[in-house]
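Commentary on secondary and tertiary structure
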Amino acid sequence: MTRPSSSDAVGQQHSRLREVWLLAATFLIAVAGLIYELIAATVSSYLLGDSVRQFSLVIGVFLSAMGLGAYLSRYVGHALRGFAWAQIGLGIVGGFLAPALFFVYAWTGSVAGVLYGGLIAVGVLSGMEIPLIARVLKEIGAPEFRFENVLSVDYVGALAASLAFPLLVIPFLGLMSASLAFGVLNLLVAGLSLWLFRAEASRTQWMVWALALGLSGAALAQSERLVSVTEAALFEDDVILSEATPYQQITVTRFRDRVRLFLDHSIQFDSLDEHRYHEALVHPAMGLHPRPRSVLILGGGDGMAAREVLRHKVERVTLVDLDPRVTALFRDHPQLAPLNDGSLSDPRVTIVNADAWRFAEDSPQAFDIILLDLPDPKNLALSKLYSREFYAVLVERLAADGLLVTQAGSPLYARQAFWSVVATLGDTRNPVAPGQGLSVVPYHAHVPSFGEWGFALASLAPLADRAPRWPEGLQFMSGATWTAARHFPADIARVAVETNRIQSHALLGYYLDGWDRWFR
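What comes next concerns the included structure.

Conventions used here
- Residues numbered from 1 in each chain as written.
- Predicted model: local features only at pLDDT ≥ 70, side-chain atom pairs only at ≥ 80, totals over all residues.
- Heavy atoms only, no water.
- Helix = DSSP H or I, 4+ residues; strand = E, 2+ residues; numbered from the N terminus.
- Buried < 20%, exposed > 50% of the residue type's maximum accessible area, 1.4 Å probe, protein only.
- Contact = heavy atoms within 4.5 Å.
- Areas by Shrake-Rupley, 256 points an atom, 1.4 Å probe, with all protein chains shown as cover.
- Lys, Arg positive; Asp, Glu negative; His and termini not counted.
- Charge placed at Lys NZ, Arg CZ, Asp CG, Glu CD.
- Pairing = 2+ DSSP bridges.
- Axes fitted to C-alpha atoms, helices over the stretch in contact; angles between N-to-C directions.
- Polar contact = N/O pair within 3.5 Å; in protein donor to acceptor, adjacent residues only side chain to side chain.
- Parallel < 35°, antiparallel > 145°, perpendicular 65-115°, else oblique.
- Left-handed = near helix turned anticlockwise from the far one by under 90°.
- Nonpolar A, V, L, I, M, F, W, Y, C, P; charged D, E, K, R; others polar.
- Core = buried A, V, L, I, M, F, W, Y, C linked by side-chain atoms within 4.5 Å.
- Phe/Tyr/Trp six-rings, centres within 6.5 Å; stacked < 30°, edge-to-face > 60°.
- Lys NZ or Arg CZ within 6 Å of the ring centre and 35° of its normal.
- Salt bridge = Lys/Arg side-chain N within 4 Å of Asp/Glu carboxyl O.

**Points about the overall build of the protein**
Within the protein, the secondary structure is distributed over 18 helices and 11 strands. Once the C-alpha set of the protein is aligned to its principal axes, its extents read approximately 105 × 50 × 45 Å. Burial analysis of the protein (520 residues in total) assigns 54% to the buried set. Residue pairs in contact within the protein that sit at least 24 positions apart in sequence constitute 73% of those at least 6 positions apart. Summed over its atoms, the accessible surface of the protein is roughly 22,700 Å², and 58% of this surface lies on carbon and sulfur atoms. Of the side chains in the protein, 40 bear a positive and 47 a negative charge, and the two mean positions are spaced by 2 Å.

See the structure below:
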């Protein structure tokens, strides 16, 4: 019996090492590929709005491009070199995808061309990877090679990326650093592959790889500065805080004594005029209720609505906001907590970080006042919080003489959307009057940062025609303001619209069409 020589044994070990590496590389590139896709979808939803639409388009374009890449891989003559070039290309295009998107948007205001061009390039390169790896494994004579093993590793990598993106990548890296970091990962995969197959690697590949790794590494090291430069162009004031959470991008800007909050790059308040919005949201309901003791605020993590509620003699306020980072910042940050007069530290205020719908379903409490200080219904996840089904859940948490009020968007910019919110409340089941809906009082106010802004106040029984009781120290709301607020000029008067239901989401279409008509 002939024993294998030591050189044969070394050769087998080297072959086994390359086989194991290619399977490990499959896992790593699957992680990176899906991260790029998620980054593109997230950035597009931040900058273009309507997250459901943007995620659907990004996924569709990316998968189609992957199919094209898989088809084109058959024309690659040298599988290993083609795989290395694909990794180098992904390291450059994928790594600089988020920086390019933010920089282009900051300086031009348009991002669709770069977004979908970069996405197609990343998709094509990602689609070439698995067929090329499979060819390399066959060429090196990998024992017991099965194509489904490669696919299984690829799918596991995709699962790992989908879990890591919201839990680790966004909270600890942010979009720009994540894009560059995974670009470096692709380049490291390319480099190790070139080294393991160095007999087949070309000098040109080594030179391009080294240059790309140097540039990507330098950009990653300077990612915080890149973020600062981009934000300076995106926001006209100094950025004093910028954080990515699993739920949203939080940005706070300051100019002298003026502070503004942006969530996902959409303005939430300006300290110069936020009193108009929050006084209009809170005080009509609080002033019309005979004795409001318990108040539920859904949203309002900045504490401004809670500040206004505490002007009244309430016993308890429950504030429910999904993002714990927002409530922590506006409770503890030395520059932000004073904006709400420290309302989130008041012993009467209980903060609950939870989904609004889940809280409303699970809570056994009844409230005299329910205030909905929620973001606009610009996607399906938010539109459901303006639906007849959600309002029906909230009514179960409302005391018999309780009042519910929601911000309802702009009756000028999104006229149909505003009146859809009003109609939806009016169509919500009234538990004390079977067969009837809620009684609704629509009103509006001018908030310079937002424009003409609308609200809807609902009750189980029609409200008496009387003036609310106004607490002292208000800057905007008064008897005269309240009277004017309930009058709608002809160009923002009621129109026939559908109610908003979770099966149809008519409100979302009204909202997007209205704002597109004015600003796109």
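Having seen it, we continue.
**What about the sheet that holds strand 10 (residues 439-447)?**
Pairing is mixed in the open sheet, where 7 strands are placed in the order 7-6-5-8-9-11-10. At either end of the open sheet lies a strand with only one pairing partner, and these are strand 7 (349-352) and strand 10. Across the sheet, the axes of successive neighbouring strands diverge by a mean angle of 15 degrees, strand direction being ignored. Both strand 8 (residues 367-373) and strand 9 (residues 398-409) contribute to a ladder of 5 bridges, which runs parallel.

**Re the side chain of threonine 26**
Note on placement: threonine 26 falls in helix 1 (residues 6-48). Residues in contact with threonine 26, not counting those within four places in the same chain, are Ile130, Ile133, Val150, Val153 and Asp154.

**Things to note about helix 12 (residues 324-332)**
The set of residues buried in helix 12 consists of Val326, Thr327, Ala328, Leu329 and Phe330. Of the surrounding secondary structure, the elements contacted by the buried residues of helix 12 are strand 1 (238-244), strand 2 (249-255), strand 3 (258-263), strand 4 (266-270), strand 6 (316-320) and strand 7. Capping the start of helix 12 is the job of one residue whose side-chain oxygen sits 3.0 Å from the backbone nitrogen of arginine 325: aspartate 323.

**Section: unusual backbone geometry**
Located in the positive-phi region is aspartate 341, a residue other than glycine, with phi close to 55 degrees. In this fold, aspartate 341 is placed in the loop between helix 12 and strand 7.

**Thoughts on the sheet that holds strand 1**
Taken in spatial order, the 4 strands of this open sheet run 1-2-3-4, and their pairing is antiparallel. In this open sheet, the two edge strands, each paired with only one partner strand, are strand 1 and strand 4. The sheet shows a mean angle of 20 degrees between the axes of neighbouring strands, direction not considered. Where strand 2 lies against strand 3, 6 bridges are found, and the strand directions are antiparallel. Considered in strand 3, the bridge of threonine 253 is made with arginine 260.

**Things to note about the packing of helix 4 (residues 97-108) against helix 5 (residues 112-139)**
Helix 5 packs onto helix 4 with a crossing angle of 165 degrees between their chain directions and a minimal axis gap of 9 Å. Between helix 4 and helix 5, the angle falls in the class roughly antiparallel. Between helix 4 and helix 5 lies a crossing of right-handed hand. Touching Leu97, Ala100, Leu101 and Val104 of helix 4 are Val114, Leu115 and Gly118, all from helix 5. Classifying every residue of the contact of helix 4 with helix 5 by side-chain character gives 6 nonpolar, 1 polar and no charged.

**As for the nonpolar core**
Counting 89 residues, the largest nonpolar core has Val295, Ile297, Leu298, Val309, Leu372 and Phe390 as its most contacted members. Counting residues in each nonpolar core, the second largest holds 35 residues, with Ile39, Val43, Leu47 and Phe102 among its members.

**A look at the packing of aromatic side chains**
A complete count under the given rule lists 16 aromatic pairs for this structure. Judged by centre distance (5.7 Å) and plane angle (35 degrees), the ring pair of phenylalanine 418 and phenylalanine 488 falls under tilted. Of this pair, phenylalanine 418 sits in helix 16 (residues 415-426) while phenylalanine 488 sits in the loop between helix 17 (479-485) and helix 18 (506-519), and the two are 70 residues apart along the sequence. Centroid distance phenylalanine 450 to tryptophan 453: 5.1 Å. Interplanar angle 50 degrees. Geometry classified as tilted. A single burial state applies to phenylalanine 450 and to tryptophan 453, both of which are buried. The structure contains a cluster of three or more aromatic residues connected by ring pairs, namely Tyr277, Tyr413, Tyr443, Phe450, Trp453, Phe455, Trp482, Tyr511, Trp515 and Trp518. Sitting above the plane of the tryptophan 195 ring, arginine 198 keeps its charged end 4.5 Å from the centroid.

**Description of the pattern of salt bridges**
Counted according to the given criterion, the structure contains 13 salt bridges. Here arginine 307 and glutamate 274 are joined by a salt bridge, their closest N and O atoms 2.9 Å apart. Placement of the pair is arginine 307 in helix 11 (residues 304-309) and glutamate 274 in helix 10 (residues 274-288), with a sequence separation of 33 residues. On the accessibility criterion, glutamate 274 (9% relative accessible area) is buried. Here the residues in one salt-bridge network are Glu274, Arg307, Glu308 and Arg311, joined through shared partners.

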